[in-house]
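Residue-level structural notes
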Amino acid sequence: MADNKSLTHRWFEEVWNQGKESTINELLGSNIVAFGLGEGGTEVHGKQEFKQFFDNLRNAFPDIHITIEDTIAERDEVVVRIVIEGTHKGNGLGVAATGKKIRLAGICIIQFANGKLIKGWNSWDQLGMFQQLGLTPVPKSDPFLEAR
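This is a predicted model, so every value here is computed, not measured.

With that out of the way, let us pick up the overall build of the chain. If you tally the helices and strands in the chain, you get 5 helices and 6 strands. The order of helices and strands in the chain, counted from the N terminus, is α-α-β-β-α-β-β-β-β-α-α. For the chain, the C-alpha radius of gyration of 16 Å lies close to 15 Å, the compact-globule estimate for 148 residues. Taken over the C-alpha atoms alone, the chain extends approximately 50 × 40 × 25 Å along its principal axes. Across the 148 residues that make up the chain, the buried fraction comes to 38%. Intrachain contacts of the chain at a sequence separation of at least 6 include 55% that bridge at least 24 residues. In the form shown here, the chain has an accessible surface area of approximately 8400 Å², with 51% of it arising from carbon and sulfur atoms. Considering the chain, the positive charge centre built from 16 side chains and the negative charge centre built from 19 side chains are found 3 Å apart.

About the thresholds
- Residues numbered from 1 in each chain as written.
- Predicted model: local features only at pLDDT ≥ 70, side-chain atom pairs only at ≥ 80, totals over all residues.
- Heavy atoms only, no water.
- Helix = DSSP H or I, 4+ residues; strand = E, 2+ residues; numbered from the N terminus.
- Rg over C-alpha atoms; globule rule 2.2 N^0.38 Å.
- Buried < 20%, exposed > 50% of the residue type's maximum accessible area, 1.4 Å probe, protein only.
- Contact = heavy atoms within 4.5 Å.
- Areas by Shrake-Rupley, 256 points an atom, 1.4 Å probe, with all protein chains shown as cover.
- Lys, Arg positive; Asp, Glu negative; His and termini not counted.
- Charge placed at Lys NZ, Arg CZ, Asp CG, Glu CD.

Following this line, the structure appears as structure tokens:
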């Protein structure tokens, strides 16, 4: 488990914070399946599809930085609570750069086999990202709080 925790921390530091594609090649299993990376329940299969997602997100946020706030490991899985920050400087999201900064929360569950990431379940505040970029309106009030 300690090895999987350190691999997870290395993954976020080298792949996302440093942009090292070589670490993707090294740590991703050939049949990786990732859930929750895009909208609408998109699944990413294999290294090439992951690299496409990676390229798009790093294009949109070339200064992306992911901070791991908490790490929990059990059996072959590691769970991390993360904070994602960056400046929207590219069109990798399919919209023109806004120059706005984002700060989002997320949780990832990563499954390992033989030192390779083989599955990933991701939940991050995609709506909040679009709201912070000014691409989606922000509600003036919270309907959940008003219902009380």
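Picking up where we left off.
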